[in-house]
Every structure is written in structure tokens, then in C-alpha cells.
Amino acid sequence: MNNVVMNLDAIDVSELIGKKIICPRECGLCCLCQPEILPEERNYFRTKHSRSLVKSNDHFALAMKKGRGSCVFLDNERRCSIYDNRPTYCKQFPIHFHVSDRIKAELDLSCRGAWYNDGISAETEAKELASRSSMRLTSALREATSVYNEFFDLCKEAGVYAERTELRSSVSENLTKFTDLNYIAKVMDSSLEEPCVSLNEITPDAKMNMDELNEAAMEAALGSMQSNDPLNVPVYCDKEWKWNLFMVKKNVIEWSTLDNNGDIFVKGTADPNEISLPSLDADAKSVLQNYISTLNQRDSMMGSAFHTLDSLDYEDDMSNVYYGSLSVAIIDLMWRSSMINTFFKTGTGAESIKKQLSFTIWTVLMRPL
Ligand code: SF4
Ligand code: SF4
């Protein structure tokens, strides 16, 4: 049984159908992460580039320039100097395989190359990557399925279980409402106050107090900028391909640029209390709706809500946690769109929302699944 390899056709690639990916030479954004080196890749790096390997918890990863810049293998032209031997994670990006009790391929929208609708087919690429990693995916699926089954049993025991398909259908039916701040505010309130939220029954108050919603959005967005470690804060690749970092220091947002050598230059500051949620025009709402629709189908979004439910000791209904988590993800994105506008005067229209989606948060270790 343990040697049975999964049927690759069972991998859900629906998110990638019709999407294309390209890698503009100037970008290099994903090389600001620290890719994990798989056991089978260690020998190459140990023998050929021993000083490029670092240990991160239980894993080996590639070193960064000055411990905080891009990967040591990114040259000054932003090309990978070990391209044919780059780690699996790098070969896989911007495709991720999210493993739960099934495997779903997702496209990382922080990749600029995912926005041009040009280049190679993301769906074909995902299928090829999956066939090369079938053993690893099979083993991850086996482990994750047992964790998920245990989680669902705990939810049923606590009386907070909901069917994922029903949660998703309910969001799809109410999709247009999720770009209305009054509606989001009401969903967030209801998910905290009511035992089991039904989206169809939510009617926004005519005069909602937006201060609380702005504060929640600011808190969510600033949470990701609290680290003093440049490796752990959001990066925005601007139209001139500069890498911009944002860190919160003494309640002020500090904007810096990071260059190819790993040097950081402070460029400006902004008071977060002067940034507020934008009102969106019709085009911006349409881009946002597409994004919410993608998020709603993503197992990583659902998995993040499950993680929250677990941390809340199964005291809240799964629907409340899912709708609440989705609402926070939306206002977080909208607030950061306003923040980018504050520094770069990008406006708050459709382009700004798109740019915001290509604003990313790298974590120290990026794993190839
Ligand atoms: S983020 Fe995307 S476009 Fe940029 S270097 Fe990486 S793969 Fe290429
Ligand atoms: S190995 Fe190459 S592709 Fe991977 S992060 Fe380093 S420079 Fe980028």
C-alpha cells in the first residue's frame, strides 16, 4: 500500500486552466526567498557549493546575500547562476501544490509573470511538475489525509462542522457583495456574534461604523510587517523592478529598497493611521471579485480557516471562521492597496488592486509543495 503512487489525474488543476506564465528577466522576486534543499539535492550543493548551504531548523536551504538579500546564486543581472541545477522549489514556482485530503495546484499571484497572460501553459507545467514529484506528493497526501480526517472528527464532535462545498457555494452566490465594505463589516460582526452565520441572511446596516473595519484591516496588514528581519516582511516589486520592503517601526511604516547586493536603503515613512480602506470603482471591484472567487476555491484559504478554528479550540462554527477569515483577507488586501498608493501614487483602481496581488510576503523557508 505504501508504495502505491497516486493517480496524477486526481490532482485538481482547475485554477490553472487557460492561465499562462512567463518570467520577465528583470524580476527576480521569488529569489528573495530561501528555497529548501531536498535530501536528494543536498549532495550536489555539498560537493559543488558547500558554502551556499545553511541549516534552517531541521532543513537545509540556500544562503542569502548578507543574510538578508536575494539568494546567493542570483547574479547582478538577476539571472540564476545555477539555473539547470536550481532546487525543486525554484523549478516549481509560481505553482504550489496544496495538499489536504486532496491535492490542488494553485498559482502564486505574487509572481509578476502570472499577470501577462503570456508564455507557457500553467496547467501543462503543473502536470509535468506533479509527475516529476509523484512520490513526494503521494506521501504528503497520505499524511495530510489522516490529519484532515482527525480534524473533521473533532469538528463533528464539537458540533461546528460544515461541508466545504456548501461554504464555497454560499460565498459564490454572494460574491458581488464581498466588495462592499458595509457587507464585509456585517459579515465580520456576525461571525463574532452569531452562533452560525448564513451569508444569504446578512443585510448591511445603512450606516455602518467604518472605524472598526479600518482598524481591523490595519491590524491585519501591519501584522505582516512587524518583523525586524527583512527576510520576513512583505516585498513589493514596482514597475521599475525595484524590490521594496515595508516594516513597522515604532508604530510607523518604514519603506526601504533592497538592492541586488543585499543592501537596504530607507526611502520614506508613513503613519498607518492616515491610511484607510479605499472605495473601489467598477473595474477595481471586478478584479477584486475575480480574486475573491479564486481564494474561495483555494484549499490553502480553507486550510488557513481550519488552522484558525483549531487555534480557537473548536468553539466557533466552521462557517463563521471561514467567512470571517475570507473577509479579513479581503480587507487586508484593500488596505495594503491604499498603503502602496500612499508611497507610489498608484491610485486605488483596478491596476492598484492587481499590483497589490503581486505584493508578497516571503518567509524564511519556502518548501516545494
Ligand atoms: S516572481 Fe515570477 S516572474 Fe518574478 S522571477 Fe520569480 S518566477 Fe519569474
Ligand atoms: S537557486 Fe536560482 S532560481 Fe533559486 S532562488 Fe537561487 S537564484 Fe533564484
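Residues numbered from 1 in each chain as written. Chains lettered and ligands numbered in written order. Predicted model: local features only at pLDDT ≥ 70, side-chain atom pairs only at ≥ 80, totals over all residues.

Engineer: For the site of ligand 1, give the residues involved together with the corresponding values.
Structural biologist: Taken together, Cys23, Pro24, Cys27, Gly28, Leu29, Cys30, Phe93, Pro94, Cys111, Arg112 and Gly113 make up the full set of residues near ligand 1. Of the residues in the shell around ligand 1, the class split is eight nonpolar, two polar and one charged. (Near = placed C-beta within 6 Å. Nonpolar A, V, L, I, M, F, W, Y, C, P; charged D, E, K, R; others polar.)

Engineer: Could you give me a rundown of the site of ligand 2, with the residues and numbers involved?
Structural biologist: All residues in the neighbourhood of ligand 2 are listed as Cys31, Pro35, Leu62, Cys71, Phe73, Leu74, Cys80, Ile82, Arg86, Pro87 and Cys90. When the residues that make up the shell around ligand 2 are grouped by side-chain class, the tally is 10 nonpolar, no polar and one charged.

Engineer: Talk me through the nonpolar core; I want residue IDs and the actual numbers.
Structural biologist: Within the largest apolar cluster, 83 residues are counted, with the highest numbers of intra-cluster contacts made by Ile184, Ala217, Tyr322, Ile330, Ile331 and Trp335. For this core, the element with the highest residue contribution is helix α10 (residues 318–344), accounting for 13 residues. Apart from the residues lying within four places of it in its own chain, the contact partners of Trp335 are Ala217, Met218, Ala221, Ile275 and Leu277. (Core = buried A, V, L, I, M, F, W, Y, C linked by C-beta atoms within 7 Å. Buried ≥ 20, exposed ≤ 12 C-beta atoms within 10 Å, placed from the backbone. Helix = DSSP H or I, 4+ residues; strand = E, 2+ residues; numbered from the N terminus. Contact = placed C-beta atoms within 7 Å.)

Engineer: Kindly report on the sheet that holds strand β4 (residues 59–62), identifying the contributing residues and their values.
Structural biologist: What the three strands build is an open sheet, ordered β2-β4-β3; its pairing is antiparallel. Two strands lie at the open edges of the sheet, namely β2 (36–37) and β3 (53–56), each paired on one side alone. In terms of strand pairing, β3 meets β4 through four bridges, oriented antiparallel. Within β4, the position partnered with Leu53 by the bridge is Leu62. (Pairing = 2+ DSSP bridges.)

Engineer: Provide a residue-level description of the pairing of strand β11 (residues 264–270), including the pertinent values.
Structural biologist: Of all the seven residues making up β11, zero are buried; the element is thus mostly uncovered. As judged from the six bridges shared by strand β10 (residues 252–258) and β11, these two strands associate in the antiparallel manner. Bridging from a neighbouring strand, Glu254 pairs with Thr269 of β11. Linkage of β10 to β11, two consecutive antiparallel strands, is achieved through a turn of five residues, within which Gly262 is found at a positive phi near 90°.

Engineer: Describe helix α3 (residues 122–132), with residues and values.
Structural biologist: Among all positions in α3, only Ala122, Glu125, Ala126 and Ala130 are buried. Summarising the axial view, the buried residues of α3 lie within an arc of 135°, below the 170-degree limit, and thus occupy one face. Every exposed residue of α3 that faces more than 90 degrees away from the buried side is listed here: Thr124 and Ser131. Looking at the buried positions of α3, the neighbouring elements they touch are β1 (20–21), β5 (95–99), β6 (103–107), β7 (120–121) and α4 (134–158). (Arc of directions from axis to C-beta.)

Engineer: Lay out the packing of helix α6 (residues 181–193) against helix α7 (residues 210–223) with the relevant residues and their values.
Structural biologist: Contact geometry for α6 and α7: axes closest at 10 Å, N-to-C directions at 80°. If you check the angle between α6 and α7, you find them roughly perpendicular. Residue-level inspection shows Leu181, Ile184, Ala185 and Met188 of α6 in contact with α7, the latter providing Met210, Leu213 and Ala216. Considered class by class, the residues forming the contact of α6 with α7 number seven nonpolar, no polar and no charged. (Axes fitted to C-alpha atoms, helices over the stretch in contact; angles between N-to-C directions. Parallel < 35°, antiparallel > 145°, perpendicular 65-115°, else oblique.)

Engineer: Give a detailed account of the packing of helix α9 (residues 299–311) against α10, specifying residues and quantitative values.
Structural biologist: Here α9 crosses α10 at 120°, and the two axes come no closer than 9 Å. The angle between α9 and α10 falls in the class oblique. As for the relative orientation of α9 and α10, their crossing is right-handed in sense. Residues Met301, Met302, Ser304, Ala305, Thr308 and Leu309 of α9 touch α10, and the partners they reach there are Met318, Val321, Tyr322, Ser325 and Leu326. Each residue belonging to the contact of α9 with α10 can be placed in one class, and the counts come to eight nonpolar, three polar and no charged. (Left-handed = near helix turned anticlockwise from the far one by under 90°.)

Engineer: So what's going on with unusual backbone geometry? Residues and values would help.
Structural biologist: Looking along the chain, the bond that leaves Phe93 and enters Pro94 is cis, with omega of 10°. Looking at the secondary structure, you find Pro94 in the loop between α2 (88–92) and β5. A positive phi angle, close to 55°, is found at Lys66, a residue other than glycine. Tracing the backbone through its elements, the reader meets Lys66 in the loop between β4 and α2. Lys66 sits in the partly exposed class, given 14 other C-beta atoms within 10 Å. In the Ramachandran plot, Lys250 falls in the positive-phi region, its phi being about 50° despite a non-glycine side chain.

Engineer: I'd love a proper account of the pairing of β5, names of residues and values included.
Structural biologist: Most of β5 is tucked away: four of the five residues are buried. Pairing analysis gives five bridges linking β5 to β6, with the strands arranged antiparallel. Within β6, the residue paired with Val99 across the bridge is Ile103.

Engineer: Describe in detail the environment of Glu163, supporting the description with residues and values.
Structural biologist: With respect to the element layout, Glu163 can be found in the loop between α4 and α5 (164–173). C-beta crowding within 10 Å serves as the criterion here: with 10 such atoms nearby, Glu163 is assigned to the exposed category. Separated by 156 residues in the primary sequence, Glu163 and Ser319 place their C-alpha atoms 8.9 Å from one another.

Engineer: So what's going on with the environment of Arg164? Residues and values would help.
Structural biologist: Inspection of the secondary structure puts Arg164 in helix α5. Judged by C-beta crowding, with 16 C-beta atoms within 10 Å, Arg164 ranks as partly exposed.

Engineer: So what's going on with the environment of Ala329? Which residues, and what values?
Structural biologist: With respect to the element layout, Ala329 can be found in helix α10. Spatially, the C-alpha atoms of Ala329 and Ala217 are 8.8 Å apart, while their sequence positions differ by 112 residues.

Engineer: Provide a residue-level description of the confidence of the model for the chain, including the pertinent values.
Structural biologist: Of all residues in the chain, 93% attain a pLDDT of 70 or more, and the chain-wide mean is 89. Ranking the elements of the chain by mean pLDDT puts strand β12 (residues 359–361) last with 51 and α5 first with 98. Every residue in residues 361–365 scores below 50 in pLDDT, and together they form 16 contacts with partners more than four places removed in sequence or on other chains. (pLDDT = per-residue confidence, 0-100.)

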